[in-house]
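Summary of structural features
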Amino acid sequence: MKKKSTAQFAFFNLRVLIGLFLAVPGVSLLPLNEFAAGTAPKGCGFLVGSGLTCGWPMNSWSAQLASNTVQYTFSVSQPAANDFALFETHDPWGSTFIKDAITSNGHTYTEFTPADLATVNFSDYRVVILNWDDTFLNEFITPYTAAIPALEAYAGAGSVVWVQAAIQGNPGDNFPMPFGGQGLGAHFSDSDNVVDPASPMMIDIPNPMHGGNSVSHVSYTGLPGPAHTVVINPSNNQTVLYDLQVGGNCGGAVPCANKDFNGDCKSDILWQNNSTGQRVISLMNGTTFQSIVSLGTVDPSWSIAGSGDFNGDGKADILWQNNSTGLRVISLMNGTTFQSIVSLGTVDPSWSIRNY
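Quick notes on the rules
Residues numbered from 1 in each chain as written. Predicted model: local features only at pLDDT ≥ 70, side-chain atom pairs only at ≥ 80, totals over all residues. Heavy atoms only, no water. Salt bridge = Lys/Arg side-chain N within 4 Å of Asp/Glu carboxyl O. Buried < 20%, exposed > 50% of the residue type's maximum accessible area, 1.4 Å probe, protein only. Helix = DSSP H or I, 4+ residues; strand = E, 2+ residues; numbered from the N terminus. 1 Å grid on protein atoms, 1.4 Å probe; cavity = no way out; pocket = protein on both sides within 12 Å on 5 of 7 lines; lining within 4 Å. Points joined across faces, edges and corners; volume = space filled by probe spheres on them. Nonpolar A, V, L, I, M, F, W, Y, C, P; charged D, E, K, R; others polar. Phe/Tyr/Trp six-rings, centres within 6.5 Å; stacked < 30°, edge-to-face > 60°. Lys NZ or Arg CZ within 6 Å of the ring centre and 35° of its normal.

A full pass over the atoms with the stated rule returns 3 salt bridges. The closest approach of N and O atoms between Asp91 and Lys99, which form a salt bridge, is 2.8 Å. The buried category is assigned to Lys99, whose relative accessible area is 10%. Ionic pairing is found between Lys99 and Glu111, a salt bridge with its closest N-O pair at 3.2 Å. In this pair, Lys99 is assigned in helix 2 (residues 97-104) and Glu111 in strand 6 (residues 109-112), connecting sequence segments 12 residues apart.

Before going further, it helps to spend a moment on empty space enclosed by the protein. Considered as a void within the structure, the largest cavity measures approximately 70 Å³ in volume. Every residue along the wall of the largest cavity is listed here: Cys54, Gly55, Glu88, Asp91, Pro92, Ser95, Thr96, Phe97, Ile98, Lys99, Asn131 and Asp133. Considering only residue class, the lining of the largest cavity consists of 4 nonpolar, 4 polar and 4 charged.

Okay, the packing of aromatic side chains next. Evaluation of the coordinates by the stated rule reveals 13 aromatic pairs. Ring geometry for Phe140 and Phe175: centres 6.2 Å apart, planes at 75 degrees, overall edge-to-face. Of this pair, Phe140 sits in the loop between strand 7 (125-131) and helix 3 (141-156) while Phe175 sits in strand 9 (residues 174-176), placing them 35 residues apart in sequence. We classify Phe140 as buried; its relative accessible area is 0%. Clustering of aromatic rings is evident, with ring pairs tying together Trp132, Phe140, Tyr144, Phe175, Tyr220 and Tyr242. When the ring centre of Phe74 is taken as reference, the NZ or CZ atom of Arg126 above it lies at 4.0 Å.

Just geometry here; none of it tells us what the structure is for.
Structure, rendered in structure tokens:
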């Protein structure tokens, strides 16, 4: 029902090393260029996940947050026949902040129930909003979970999904998120910290965010590496508002993907010891060393030529070349975890990869 409104490498034995890795003679440093997170360019898919109580009328910032997010999601969306598809069971806490934000910014929406997720053609809309604020898990979880593959395909093709999910319920009322991670129900917080005040969603939003009751009902864990955290619950340091650029390379480099191995959107450093063959990743916080992940010891005839996201999953992979045989391969990675190998074939050793 709807209402219309205007070959795997044996040498990879990955483990976390304890203690500081110090540079020693024979170790070469591979500089990695930083790719900063930013607004998704046109043609890129986008996901917003929020556990903030955007629909709670006692918050001083609810209308502003709704307006900011409406404008942000619309600005990074692709043209479609209609503007917003809004899925909800009722007006959360009796408020209409999201509906009002859509119309006051000159857009239109069509309202649907969760059951309509099975039949609506998402591509008819620029933005799909799943408004689960003030809603119990059993009221939406079955059709929502079934629709996640279609929502991922829709966003992956360049459109925008906004999951607004300050749900009602008890601890353990958890739900999956598109592209990975889950929302943890009943993670109530009466004050949340804005960690990215430059986000377009945070224009004129106070920091910290206080509310008439709970600022947020849900925290998120297990999010994919490129997920960009905007607001956290300071009691557990978990994300309560994030965005995620999706859809392969989106016509350019995926934010954070090419040189970031732990999903914090900060460049990390690949090292190799030319004498022993040991290879490690220094996980960095800007220019500050955080920790070391070992890639094990590899025959010194193999050298790391660089890194990049070669399979469009938003995660950095490693490019290798054998200086004796000329064999070139890509190690596809899941963060710092080895996944598989793709061979690029053998090239005369007089040729060396240098653009990574």
